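Per-entry structural report
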Amino acid sequence: MKKIVIASDHGAVDLKNDIADFLRKNNFEVTDIGTEGPAAVDYPDIALAACNEFKKGGYDFGVLLCGTGIGVTIAANKVKGIRCALLFDLYSAEMARAHNNANFIAFGGRIKYAVGVHEMIEKFIGTSFEGGRHERRIAKMMAIEQEC
Ligand code: RB5
């Protein structure tokens, strides 16, 4: 079964629940690690918890959310092995997979997107990593984790 992990801070709980429902309807097993409700939580804690869960293995990808999607993206990209892409249209959704082979995607609950979040997720899921020259570039990106 396809499996994803999802997490949000207080800035995107409704969108997080909407995405979780959407993915369940698309036959994904969803591990939802919160948050629920309006109580403020710190997005780095949320991002780290989701990344640690992902790294246990068995997940196809992860979804992170905060008010803008920016904070969780920055935090997640500090975790070894994580490539989190902040999606904003269908092209970024496609390239995040085809060129960057992202293992996390992120959205903002307070962002007004010109294209539907479900459509962006469908595009990401429906795209394959192109490999080739992008393997080399990803290897260089991941080597930065060791060097810096
Ligand atoms: C929380 O108010 C807000 O800063 C957070 O959700 C996110 O937008 C940070 O990048």
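Residues numbered from 1 in each chain as written. Predicted model: local features only at pLDDT ≥ 70, side-chain atom pairs only at ≥ 80, totals over all residues. Heavy atoms only, no water.

Let's talk about the overall build of the protein chain
Counted only if it meets this: Put simply, DSSP H or I for four residues or longer makes a helix, DSSP E for two residues or longer makes a strand, and each gets a number counted from the N terminus. We compute the radius of gyration over the C-alpha atoms and compare it with the globule rule, which gives 2.2 Å times the number of residues raised to the power 0.38. Using a 1.4 Å probe, accessible areas were evaluated by the Shrake-Rupley method; residue-level cover was limited to the displayed protein chains. Positive charges come from Lys and Arg, negative ones from Asp and Glu, while His and the chain ends are left out of the count. Note on charges: their place is set at NZ of Lys, CZ of Arg, CG of Asp or CD of Glu.
Along the backbone of the protein chain there are 6 helices and 5 strands. For 148 residues, the compact-globule estimate of 2.2 N^0.38 gives 15 Å, and the C-alpha radius of gyration of the protein chain, at 14 Å, lies within 12% of that figure. C-alpha atoms of the protein chain, sized along the principal axes, occupy 40 × 30 × 30 Å. Within the structure as shown, the protein chain displays about 7600 Å² of accessible surface, and the carbon and sulfur contribution to it stands at 52%. Positive and negative side-chain charges in the protein chain, numbering 18 and 19 respectively, have mean positions lying 6 Å apart.

Quick word on the environment of Cys148
Our working rule: Each residue's exposure class comes from its accessible area (1.4 Å probe, protein chains only) as a fraction of the maximum for that residue type: buried when under 20%, exposed when over 50%, partly exposed otherwise.
Looking at where Cys148 falls in the secondary structure, it is placed in the segment after helix H6 (133-147). Residue Cys148 is classed as exposed on the basis of its relative accessible area, which comes to 79%. Spatially, the C-alpha atoms of Cys148 and Gly132 are 26 Å apart, while their sequence positions differ by 16 residues.

Here we look at the site of the ligand
Just so we agree on the cut-off: When we say a residue is near a molecule or strand, we mean one of its heavy atoms is within 4 Å of it. As used in this structure description, the phrase polar contact means that two N or O atoms lie within 3.5 Å; if the pair is within protein, one of them must be able to donate a hydrogen and the other to accept it, and residues adjacent in sequence are counted only when both atoms belong to side chains.
Near the ligand you find Asp9, His10, Tyr43, Cys66, Gly67, Thr68, Gly71 and Arg110, and these make up its full shell. Between the ligand and the protein, one listed contact pairs an oxygen atom with a backbone N or O atom of Gly71 at 2.9 Å. Arg110 has a polar side-chain atom sitting 3.4 Å from an oxygen atom of the ligand. Notes on the ligand: free accessible area 290 Å², of which the protein chains cover 70%.

Some points on the state of the cysteines
Think of a disulfide as a covalent bridge from one cysteine sulfur atom to another cysteine sulfur atom. Going by this rule: Cysteine sulfur atoms that pair up within 2.5 Å are treated as a disulfide.
Taken as a whole and judged by the stated rule, the model has 0 disulfides. Free cysteine: Cys51, not disulfide-bonded; nearest cysteine sulfur from Cys84 at 7.1 Å. For Cys51, a relative accessible area of 0% gives the class buried.

Description of the packing of helix H4 (residues 90-98) against helix H5 (residues 117-125)
Keep this limit in mind: Lines fitted to the C-alpha atoms define the axes, with helices restricted to the stretch that makes contact. Angles between their N-to-C directions range from 0 to 180 degrees. Here the angle decides the label: under 35 degrees means roughly parallel, over 145 means roughly antiparallel, 65 to 115 means roughly perpendicular, and every other value means oblique. Crossing chirality is assigned from the near helix's rotation relative to the far helix, an anticlockwise turn below a right angle marking it left-handed and a clockwise turn marking it right-handed. Throughout, a contact is declared for two residues whenever any of their heavy atoms are within 4.5 Å. Polarity classes work like this: nonpolar for Ala, Val, Leu, Ile, Met, Phe, Trp, Tyr, Cys and Pro, charged for Asp, Glu, Lys and Arg, and polar for all others, with Gly in that last group.
Contact geometry for H4 and H5: axes closest at 8 Å, N-to-C directions at 30°. Comparing their axes, H5 and H4 come out roughly parallel. Crossing handedness for the pair H4 and H5: right-handed. Along the contact surface, H4 presents Leu90, Ala93, Glu94, Ala96 and Arg97, while H5 presents Glu119, Met120, Lys123, Phe124 and Ile125. For the contact of H4 with H5, the per-class residue count stands at 6 nonpolar, no polar and 4 charged.

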